[in-house]
Number of protein chains: 2
Amino acid sequence: MAVNYQLPTPASLHPVPGITLGYAEAHIRKPNRKDMLLVVLDPGTRAAGVFTQNRFCAAPVTLCRNYLEYTMETRALIINTGCANAGTGDIGMTNARATTKAVADALHIKPQQVLPFSTGVILEHLPMDRLLAGIPHCIANLKPDGWFDAAHAIMTTDTVPKAVSKQIQIGGKTVTITGISKGAGMIQPNMATMLGFIATDAVVGPDVLQAMVKHAADASFNSITIDGDTSTNDSFVLIATGKAGHAQINGEGTAEYGQLQLAVNDVAIELAQAIVRDGEGATKFITIKVEGGKTHAECMKIAKAIGHSPLVKTAFFASDPNLGRILAAIGYAGVNDLDPTTLKLYLGDVLVAENGGRAASYKEEDGVRVMKAAEILIRVELNRGREKCTLWTCDFSYDYVKINADYRS
Amino acid sequence: MAVNYQLPTPASLHPVPGITLGYAEAHIRKPNRKDMLLVVLDPGTRAAGVFTQNRFCAAPVTLCRNYLEYTMETRALIINTGCANAGTGDIGMTNARATTKAVADALHIKPQQVLPFSTGVILEHLPMDRLLAGIPHCIANLKPDGWFDAAHAIMTTDTVPKAVSKQIQIGGKTVTITGISKGAGMIQPNMATMLGFIATDAVVGPDVLQAMVKHAADASFNSITIDGDTSTNDSFVLIATGKAGHAQINGEGTAEYGQLQLAVNDVAIELAQAIVRDGEGATKFITIKVEGGKTHAECMKIAKAIGHSPLVKTAFFASDPNLGRILAAIGYAGVNDLDPTTLKLYLGDVLVAENGGRAASYKEEDGVRVMKAAEILIRVELNRGREKCTLWTCDFSYDYVKINADYRS
């Protein structure tokens, strides 16, 4: 079960003016489950995205990048689970194009205005007959308050749907920000998580969204890790329909930009944390803060070394304060001039290590107390600069192995 | 149980002239197990070592580096399990020094001639009373044919002792090379594995051993990974007693150097592979070959991305040819100009992927056949250069989690 996760309800998710959503049970991989989602966007909508840096990126990712570069107006997203359409060569590109064309024909728009997304097993081809047959079903149930079903329709090994909604005021107008995400394994996003979509009715100028989606990704999906595996399909898209009626936001410097960025970040962080809370087999939600570094990059190196270490993650699963494993991870993180005698390691409020060894004040029972909680903070104070970072991760349990050993079977 | 591992026997391990070994049951962490080893070296012995690059390296590692740099003649090694003496600050250094002094006093040599090694739990202090009390017991049972017991005395979570012995002819004389190693978790050696010791009676000049130990480490311990965790205590030491009676080997260029290096590499590779075969919870022994790269470093990046991926490792545990996970790992390995359409992926003798997707000839049953074996070869042909590498690793099972969640308890 997801760690300390507040399930969304249909009522908690505000519709975003200018957007309707419809799903299908298309039997992409398994029967009788929502496995396709169509999101239809009103004319005038802007979209921007960030995508996986995996060199083996999926065909739909290649197509999304391409379409977003050359298309000013995105009008639809089409998403399937069950098959990632990655490692599928030329046939994969043909299938992704055929999917966008079928959606475009049905909606009387251009294929380049349709962004395709796939998630699921790699190295297998899309079942095109069933996928194309699913599109009319998606269209048939399009509705503005489809966000709750949409969050279900993009789940794979997720145990809970992930959706967050928020409203703010800009220029006296109510602006809605609603997003969904999915992902529970193969999660060390390097640009964005497997799938994340956030939509708002804010009114933004042409260059605003790309900056905003990048900032939001860095603050959220790029700051989580479950298993260190960067997916072939990571995609995070930010959509603005421009229906909210306030004056258009242009440029990063304005107060309104700041307001909107903050709200988008909040939604993105909550969606990203939801992915970690629902990490495959997760029983603990772990926040790693590395502070006092010379650069953000070195802080993140250390945070990721801790967050990826199977030894650290299994110790947290066992609630065993075998904290030397954290020191070992800090030591091998690749910060070559790191002085182990000047850093401090805290577990929650407990000082664990300083001066290159165990803190004189540290008592095993304090470590046990912190480790037993479902939410744990690891804080490393490097004492060599002013940069810092935060990484969210989870523990490593029997169930992680079980889920991933059984995934295809 | 270790994968396809041939247990050593006492008779299979040749004594190395000039070396005696003695162990103790010193109750460092647990009672009634061999947990200390003393290796005594005749005058005239040379030693060289490579050590962990972890910045949080253990006190004995610091002392070993120091002593090896300034001491021409090493006369003893003292090794304990149960406590790593890492993350122990100034007290750790004091304890490591006190250990070498006690051994030196008992053997009438200098502390700088004694190399200390520790392995076990990090962040705890050595139980100095029990450790010092163990030294006379080690001395009391010193014997030339102590290698089999020695291999047992350095085990921690190892399920089998690791020892290899080999004899070659140099200049008409028989030269013996015998080695032991230990390690089953926290294994991604970056210089050398947790503990590896190889001794020979070959006669070598002063600068030969340091080159030889480095080459041997790169070919063996630096080419294995179990969980990607680089230990605080990795140490690999090569010892030459000079008793074999052939003409002294000087410099890397000679035929005799080549002969000895090859034999030392063979022993080191077998010891390193033994660590992988006995990897915590391992059920498969996996060889990853990456060929046709521009540089050795980029080949190793890709091999390690595959070898560290929890998703790949759990798929191998399940014998499930979910081979897209390997493509994903290749894609995120960090080789930024990698072209996924020109590489080929083989599983054993089966071509799995080419042209950016599944090979037309690939059949699932062929993948299943290869995956079911206990020994599996993954081969990636990059087709962009002439460099290559080999990495040995194991799968990731329930038992890995169990062993590491329970290790201290």
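Anyway, here's the lowdown on the structure attached to this text. The residue numbering used here restarts from 1 in each chain and proceeds along that chain's sequence as written. Following the order in which they are written, the chains are lettered starting with A and the ligands numbered starting with 1. Side-chain atom pairs in this predicted model are given and counted only at pLDDT of 80 or more, local residue features only at pLDDT of at least 70, and totals for whole chains, interfaces and linings cover all residues.

1. Focus: the environment of A:Thr178
All names here are of chain A. Test applied: Only runs of H or I of at least four residues qualify as helices and only runs of E of at least two qualify as strands under DSSP, and these elements are numbered from the N terminus. For every residue, the other C-beta atoms within 10 Å of its own C-beta are counted; 20 or more classify it as buried, 12 or fewer as exposed, and values in between as partly exposed. C-beta atoms are placed from the backbone. Two residues qualify as a contact pair if the distance between their C-beta atoms, derived from the backbone, is within 7 Å.
Inspection of the secondary structure assignment puts threonine 178 in strand S7 (residues 173–182). Under the C-beta neighbour-count criterion, threonine 178 is labelled buried, with 25 such atoms within 10 Å. Measuring from C-alpha to C-alpha, the distance between threonine 178 and leucine 13 comes to 6.7 Å, with 165 residues separating the pair along the chain. Contacts of threonine 178, omitting those with residues within four sequence positions, involve Leu13, His14, Val16, Trp147, Ser165 and Ala199.

2. Some points on the relation of the copies chain B and chain A
In summary, the two copies of the chain are related to each other by a rotation about an axis coupled with a shift along it. Filter applied, for reference: Least squares is the method used to superpose the copies, on C-alpha atoms of residues holding a pLDDT of at least 70 in both.
When chain B is fitted to chain A, the residual RMSD is 0.0 Å, and the transformation amounts to a turn of 180° plus an axial shift of 0.0 Å. These values place the two chain copies in the arrangement generated by a two-fold rotation axis. Of the C-alpha atoms belonging to chain B, the one lying closest to the rotation axis is found on B:Tyr398, 2.8 Å away. A shared binding surface is used by both copies, with 98% of the interface residues of chain B retained as interface residues in chain A.

3. Some points on helix H7 (residues 296–308) of chain B
Residue and element names in this part refer to chain B. How we decide: Helix span is expected to be 1.5 Å times the residue number reduced by one.
A rise of 1.5 Å per residue sets the reference length of H7, with its 13 residues, at 18 Å; its end C-alpha atoms lie 18 Å apart and thus fit the reference within 8%. The buried count for H7 comes to 10 of 13 residues, which makes it a mostly enclosed element. Every buried residue of H7 is listed here: Glu298, Cys299, Met300, Ile302, Ala303, Lys304, Ala305, Ile306, Gly307 and His308. Contacts made by the buried residues of H7 are with strand S10 (285–293), helix H8 (310–317), helix H9 (324–331), strand S14 (375–381) and strand S15 (387–394).

4. Some points on the interface of chain B and chain A
Using the following cut-off: Charged residues are taken to be Asp, Glu, Lys and Arg, nonpolar residues to be Ala, Val, Leu, Ile, Met, Phe, Trp, Tyr, Cys and Pro, and polar residues to be all remaining types, Gly included.
The interface of chain B with chain A comprises 56 residues on the first partner and 56 residues on the second. Top contributing element to the side of chain B that touches chain A by residue count: H9(B), with 7 residues. Classifying every residue of the side of chain B that touches chain A gives 27 nonpolar, 21 polar and 8 charged.

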